[in-house]
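Listed here are the chains, written in short residue letters.
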Amino acid sequence: MNVIQRNFLKLLAAGTFGSDEPLEPMSPYKWRLLFQLSLMHGVAALVYDGITIRKDDFNLCLPSDLRVSWAKTVTEIERANQEKNICLSELFNSFSRQRLRPILLKGQSMSVIYPNPLHRTSGDIDVYLPYDKQSQDAVEWLSSQSTEYESKGRGVTRFIWNNISVEHHVQMQRLTNPLLNRKLQKIINREIRCCDSYYIAINGLRIESVPPTLNLLLIITRITGFLLNEGISLKQLVDLGMFLRKIGDKVDYVLLQSQLEKIGMQKSADIIGNIMMRMFHFDADELPFMKKVNGETSLDTIAEVFRTGQYQADDLYFTQGKNIFVHSNNSSAMLWHIRHSIRFMRYYPGEAFTNLFASFAHSLSHIEE
């Protein structure tokens, strides 16, 4: 890593995990590149928290105009998150009046464990309803109340409700391998139906979220999905670290390792654990889901972290031009994705193989009839 990337990680770790590593000197130009890097990874407000914490560091020399721009960006992130939280409370109150049981997934449910919940950049409001009839009723109601909606495929429907994007998930998380996905869904259904419900507070409202053990399994599964597709997701890794530090003691790690083995994800979990050790200096004792400590296996994966965002999802789609020929939006992106998937097959062969073909088939679906 170069000095920009090293300082970036140090400030991110300071703003989230309380790290106090000293910064290295950089020019104003490099500080501006670091700001762009924080925007690209969706962690600008978290890095700014690190800047605030490390304000007395001798090498923290931000240009004054950059500091103003960065503070403005943080304010915009806070305002957007406040709007989502208000919308979320109204949405869940509406579901409650209809006797529906929505469960909050992903981003907003993770934000509550951050030092400043408004500083975790979130996207959509992600909801899941565990019973088929309730799930169908929720979709029908959202369809009638939304200004627009669309199927994103793979069991996800996106709605615009009160000017906020809401995604309804038929499955909390899915794998492309049919056999492994059936095993994952059995785990999810059993955990949701047999375990005590888990609640968080957002905007003064008690909201059901995913139970800790299942949530950690889904976080690892989600990071694995990023590893297979776009490459490593820095924001997801920070989520994992915050989860382990704040509520990791509520996880049944014996059960979790059994679940990881059932869906063949133990090697992937080991890689993720080793990445956390190398990038954020976590101890092996803080990563009980990890069986094998071997940092060498994670080096090539870590090397890709700052290439995240190089290719967008649309780059992988196929389109049809004015002639009869079909072409990829970005041939380099497609070749990268193929090489990336092949390399990851040694860590998660059951899912990597089907994921490659599922991504290919999904991209073909964008060809106009």
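Rules used throughout
Residues numbered from 1 in each chain as written. Predicted model: local features only at pLDDT ≥ 70, side-chain atom pairs only at ≥ 80, totals over all residues. Heavy atoms only, no water. Helix = DSSP H or I, 4+ residues; strand = E, 2+ residues; numbered from the N terminus. Buried < 20%, exposed > 50% of the residue type's maximum accessible area, 1.4 Å probe, protein only. Contact = heavy atoms within 4.5 Å. Areas by Shrake-Rupley, 256 points an atom, 1.4 Å probe, with all protein chains shown as cover. Salt bridge = Lys/Arg side-chain N within 4 Å of Asp/Glu carboxyl O. Polar contact = N/O pair within 3.5 Å; in protein donor to acceptor, adjacent residues only side chain to side chain. Phe/Tyr/Trp six-rings, centres within 6.5 Å; stacked < 30°, edge-to-face > 60°. Lys NZ or Arg CZ within 6 Å of the ring centre and 35° of its normal. Core = buried A, V, L, I, M, F, W, Y, C linked by side-chain atoms within 4.5 Å.

1. As for the overall build of the chain
Regarding its fold elements, the chain presents 14 helices and nine strands. Within the chain, the fraction of its 369 residues that count as buried is 53%. Contacts in the chain between residues far apart in sequence, at least 24 positions, make up 67% of those at least 6 positions apart. Of the roughly 17,300 Å² of accessible surface on the chain, 52% is carried by carbon and sulfur atoms.

2. Quick look at the pattern of salt bridges
If you walk through the whole model with that rule in mind, you get 12 salt bridges. The residue R101 makes a salt bridge to E208 at a minimum N-O spacing of 2.7 Å. Residue R101 is found in the loop between α4 (64–97) and β1 (103–105), and its partner E208 is found in strand β7 (residues 205–209); the two are separated by 107 residues along the sequence. The same class applies to R101 as to E208, namely buried. Between R120 and D239 there is a salt bridge; the shortest N-O distance is 2.7 Å. Separated by 119 residues along the polypeptide, R120 in the loop between α5 (106–111) and β2 (125–128) and D239 in helix α9 (residues 234–247) bring together distant segments of the chain. Across this residue pair, the class does not change: R120 and D239 are buried. One continuous salt-bridge network, built from bridges that share partners, spans R6, K10 and E24.

3. Remarks on the environment of S143
Inspection of the secondary structure puts S143 in helix α6 (residues 132–145). Sequence spacing of S143 and I160 is 17 residues, and the spatial spacing of their C-alpha atoms is 9.2 Å. Each residue touching S143, except ones within four places of it in the same chain, is listed here: Y149 and F159. Among the polar contacts made by the side chain of S143, one reaches the main-chain carbonyl oxygen of V139 at a distance of 2.7 Å.

4. Here's the deal with the packing of aromatic side chains
Enumeration over the complete set of coordinates arrives at eight aromatic pairs. A ring pair is formed by F92 and F95, whose centres lie 6.3 Å apart and whose planes are at 75°; its orientation type is edge-to-face. Of the two residues, F92 and F95 both sit in helix α4, three residues apart, roughly one turn of that helix. Grouped by ring-pair contacts, the aromatic residues F92, F95, W141 and W161 constitute a single cluster. Above the plane of the ring of Y199 lies R206, whose end atom (NZ or CZ) is 3.7 Å from the centre. Against the face of F282 rests R245, its NZ or CZ located 4.1 Å from the ring centre.

5. So, the nonpolar core
By size, the foremost hydrophobic cluster in this structure holds 75 residues, and its most contacted members are W70, M172, L216, L237, F280 and F289. Excluding residues that lie within four positions of it along the chain, M172 makes contacts with I103, L105, Y128, I188, I192, V210, L214 and L218. Counting residues in each nonpolar core, the second largest holds 21 residues, with L129, F159, I200 and I202 among its members.

6. Topic: unusual backbone geometry
Backbone geometry places N162, a non-glycine residue, at a positive phi of 55°. At N203, a residue that is not glycine, the phi angle is positive and equals roughly 55°. Within the secondary structure, N203 is located in the loop between β6 (198–202) and β7.

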